[in-house]
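Here are the chains, one letter per residue:
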Protein chains: 2
Amino acid sequence: MLEGGIKESAKGCPSITHPAIILVSPQMGENIGAAARVMMNFGMHELRIVAPRDGWPNPKAEDMAAVAAGIVRQAKIYETLREAIADLHCIFAVTARPRDMVKRCIAPRELREAMGCHPERSEGSHAAGDPSAAPQDDRKYGLIFGRERIGLTNEEVALADVILTIPTDENCASLNLAQAVAVVCYEASGYREEAGARKRWFNEKEPDSVIQSMVEPPATKEEIIAMLEHLERELEEGGFYAQVPNKKPKMTANLRNLFSRAGMTAQEVQSMRGVIRALAGKKRR
Amino acid sequence: MLEGGIKESAKGCPSITHPAIILVSPQMGENIGAAARVMMNFGMHELRIVAPRDGWPNPKAEDMAAVAAGIVRQAKIYETLREAIADLHCIFAVTARPRDMVKRCIAPRELREAMGCHPERSEGSHAAGDPSAAPQDDRKYGLIFGRERIGLTNEEVALADVILTIPTDENCASLNLAQAVAVVCYEASGYREEAGARKRWFNEKEPDSVIQSMVEPPATKEEIIAMLEHLERELEEGGFYAQVPNKKPKMTANLRNLFSRAGMTAQEVQSMRGVIRALAGKKRR
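Residues numbered from 1 in each chain as written. Chains lettered and ligands numbered in written order. Predicted model: local features only at pLDDT ≥ 70, side-chain atom pairs only at ≥ 80, totals over all residues. Heavy atoms only, no water.

Draft legend 1. Highlighting the overall build of chain A. Broken down by element type, chain A carries 13 helices and seven strands. Here chain A displays about 11,400 Å² of accessible surface, and carbon together with sulfur accounts for 52% of that area. (Helix = DSSP H or I, 4+ residues; strand = E, 2+ residues; numbered from the N terminus. Areas by Shrake-Rupley, 256 points an atom, 1.4 Å probe, with all protein chains shown as cover.)

The structure is reproduced here in structure tokens:
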């Protein structure tokens, strides 16, 4: 059962399965294909695509993917980002633009640690039956990448738990989509740990990760979004937005950010729904 | 003189200038352009090309380079690799294939150190006039990348001082040319060390470390507790605890945990109070 969660390709770190790569409204089939190919280079296989501009299937994507055409053919297609992340627990939004949001922001190098992969939980100790090497949870991770020209919208970033920014020349921060996927998959893969110099790379302190702090099962994005919609519905009925109608999108994004950032457990989402019901309850009675 | 050798883009490490990127017999103009673009993303500007298959100039390269078309136009063209590296001091051959050669082999992560950039020779100590921070030499570095289909020949690798292998899935080790340039430039740039400085803010164990990332002023604990008390008061009135009186302490603690963990800003606390008022509002009217 434990072994079932461990993909062979994640052998650098047995405590995680690889994240899903989610392309939001990609414009060019070539970029989708190039992304798939580099995913395969780094052992990632789960591609999800939200509303590809040129429809689906896209022969250009398969051509460009070359050996990774299978990843393109097995890609899951969604109409909305929300559907694409519904079954995942923790989302990293890859974005170069600074956002006026309060959200944890990491560099690619911190990604594996943020995904709960600890260097000491190495293959060796796992094989030796060290219980500390067991997967810490069944959390599923997603990395979202924006459209070529304009990246991710603020609303899309608000759905993420963490912002991931690739450090670049500040005057030329916009990477080609597939290049961004390359750098992030390179960092997300476990392969680099096998290439030596291991201790030098990982002698930093462990991050104070919100994600790792949980003992209870995490909420899925679907549960969190349903809770947020419940809250927003009740707020609408309670006249919350009526006072400042033009600020509704901003206020909605702020609330979504706040609750996405909190790394909620499934139980906490249930509690929050109870809170919302209790607060709004008298209206119905 | 010393300062003259320091490009602004190499500010993560003042003791090196960035290496030349050398493409050996690249076949497709698109790949040359994509390589130039990602070079610019990571602050590299010196492109050298040996015997491009489709001649030179190549309009496809400039098109694909987009904002980095200047790098393509200024690329130096050579007939042989030997000429292309004549003025350099140390060459890294980027190759996936194991070679039957006795040569030092490094991972991308070790590149900066191999180029004489030591983390302790940081900008700070340089600025402070620490002599150990002075450039160790005027060595010029080059990174050579092979042709799309077959990579570098053994003869070409033999001209290099060091082999650099990007760790990949062993069943899918051949990266697209521009993707390989992306990963190597990402590692060669100094930018990630600046992100590393940021990393330390987040790695501390202090519970309010997330707060340091905020653009907006963080809430004081007093503000957060006052909000929680407001919430708890309204929940009490709404009959939230009446259903499960013995669970009240636990539920209160859970809610306090959730909101404490979220690293709220002062503005978010105000918003949440508005949310509580709006939800509970109708009771009073």
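Anyway, onward from the coordinates.
Draft legend 2. Region of the structure containing helix 8 (residues 177-188) of chain B. Residue and element names in this part refer to chain B. Across its 12 residues, helix 8 extends 16 Å between first and last C-alpha, which sits within 8% of the 16 Å expected from 1.5 Å per residue. Most of helix 8 sits out of view: 12 of its 12 residues are buried. Two or three places before Ala-178, at the opening of helix 8, Asn-176 has a side-chain oxygen 2.8 Å from that residue's backbone nitrogen. (Expected span 1.5 Å × (residues − 1). Buried < 20%, exposed > 50% of the residue type's maximum accessible area, 1.4 Å probe, protein only. Polar contact = N/O pair within 3.5 Å; in protein donor to acceptor, adjacent residues only side chain to side chain.)

Draft legend 3. Fine view of the sheet that holds strand 3 (residues 76-78) of chain B. All names here are of chain B. Taken in spatial order, the seven strands make up an open sheet running 3-2-1-6-4-7-5, and their pairing is parallel. With one partner strand each, in any of the chains shown, strand 3 and strand 5 (104-106) form the two edges of the open sheet. The average undirected angle you get between the axes of adjacent strands in this sheet is 25 degrees. Taken together, the five bridges between strand 4 (residues 90-94) and strand 6 (residues 141-145) define a ladder with parallel strand orientation. (Pairing = 2+ DSSP bridges. Axes fitted to C-alpha atoms, helices over the stretch in contact; angles between N-to-C directions.)

Draft legend 4. Region of the structure containing the sheet that holds strand 1 (residues 20-24) of chain A. All names here are of chain A. Strand order in this open sheet of seven strands is 3-2-1-6-4-7-5, and the pairing throughout is parallel. In this open sheet, the two edge strands, each paired with only one partner strand, are strand 3 (76-78) and strand 5 (104-106). Direction aside, neighbouring strands of the sheet carry axes that sit 25 degrees apart on average. Lying on the sheet, helix 1 (residues 29-41) is in contact with strand 1 and strand 2 (47-50); it crosses strand 2 at an angle near 160 degrees. Where helix 8 (residues 177-188) meets the sheet, it contacts strand 1, strand 4 (90-94), strand 6 (141-145) and strand 7 (162-164), and its direction lies at approximately 150 degrees from that of strand 6. (Contact = heavy atoms within 4.5 Å.)

Draft legend 5. Structural context of the pattern of salt bridges. All chains considered together, the criterion is met by 23 salt bridges over all chains. Two residues, Asp-54 of chain A and Arg-53 of chain A, come together in a salt bridge whose shortest N-O distance is 2.9 Å. Its relative accessible area of 44% is what places Asp-54 of chain A among the partly exposed residues. Note that Lys-140 of chain B and Asp-87 of chain B form a salt bridge whose closest N and O atoms lie 3.2 Å from each other. Here Asp-87 of chain B lies in the loop between helix 4 (81-84) and strand 4 and Lys-140 of chain B lies in the loop between helix 6 (123-127) and strand 6, a separation of 53 residues in the sequence. Look at Lys-140 of chain B and you get partly exposed, because its relative accessible area is 32%. When its relative accessible area of 38% is taken as the criterion, Asp-87 of chain B is described as partly exposed. Counted as one network, the salt bridges with shared partners bring together Glu-46, Arg-48, Lys-76, Asp-87 and Lys-140 of chain A. (Salt bridge = Lys/Arg side-chain N within 4 Å of Asp/Glu carboxyl O.)

Draft legend 6. Broad picture of the environment of Lys-250 of chain A. Residue and element names in this part refer to chain A. Mapped onto the elements, Lys-250 comes out in helix 12 (residues 248-261). Residue classification places Lys-250 among the partly exposed residues on the basis of a relative accessible area of 44%. Along the sequence, Lys-250 and Gln-74 sit 176 residues apart, while their C-alpha atoms lie 36 Å from each other.

Draft legend 7. Focus on the environment of Arg-73 of chain B. Residue and element names in this part refer to chain B. Assignment of secondary structure puts Arg-73 in helix 3 (residues 69-73). By relative accessible area, which is 55% here, Arg-73 ends up exposed. A C-alpha to C-alpha distance of 9.9 Å links Arg-73 and Pro-59, two positions 14 residues apart in sequence. Within the structure, Arg-73 has its side chain in polar contact with the side chain of Glu-62 (distance 3.0 Å).

Draft legend 8. Quick peek at the packing of aromatic side chains. Throughout the structure, instances matching the rule amount to eight aromatic pairs over all chains. Their ring planes at 80 degrees and their centres at 6.2 Å tell us that Tyr-186 of chain A and Tyr-186 of chain B sit as a pair that is edge-to-face. Taken as a pair, Tyr-186 of chain A in helix 8 and Tyr-186 of chain B in helix 8 lie in two separate chains rather than in one. Exposure class is identical for Tyr-186 of chain A and Tyr-186 of chain B. Each is buried. Relative to Tyr-186 of chain B, the ring of Phe-42 of chain B has its centre 5.8 Å away and its plane inclined at 70 degrees; by these criteria the two rings are edge-to-face. In this pair, Phe-42 of chain B is assigned in the loop between helix 1 (29-41) and strand 2 (47-50) and Tyr-186 of chain B in helix 8, connecting sequence segments 144 residues apart. By relative accessible area, which is 1% here, Tyr-186 of chain B ends up buried. Here Lys-248 of chain B stacks its cationic end above the ring of Tyr-241 of chain B, 5.1 Å away from the centre of that ring. (Phe/Tyr/Trp six-rings, centres within 6.5 Å; stacked < 30°, edge-to-face > 60°. Lys NZ or Arg CZ within 6 Å of the ring centre and 35° of its normal.)

Draft legend 9. Structural context of the confidence of the model for chain A. All names here are of chain A. Residues of chain A with pLDDT of at least 70 account for 76%, and the chain-wide mean is 78. For the stretch residues 1-15, pLDDT sits under 50, and the model shows 35 contacts to residues farther than four places along the chain or on other chains. Predicted complex metrics record ipTM = 0.73 and pTM = 0.74. (pLDDT = per-residue confidence, 0-100.)

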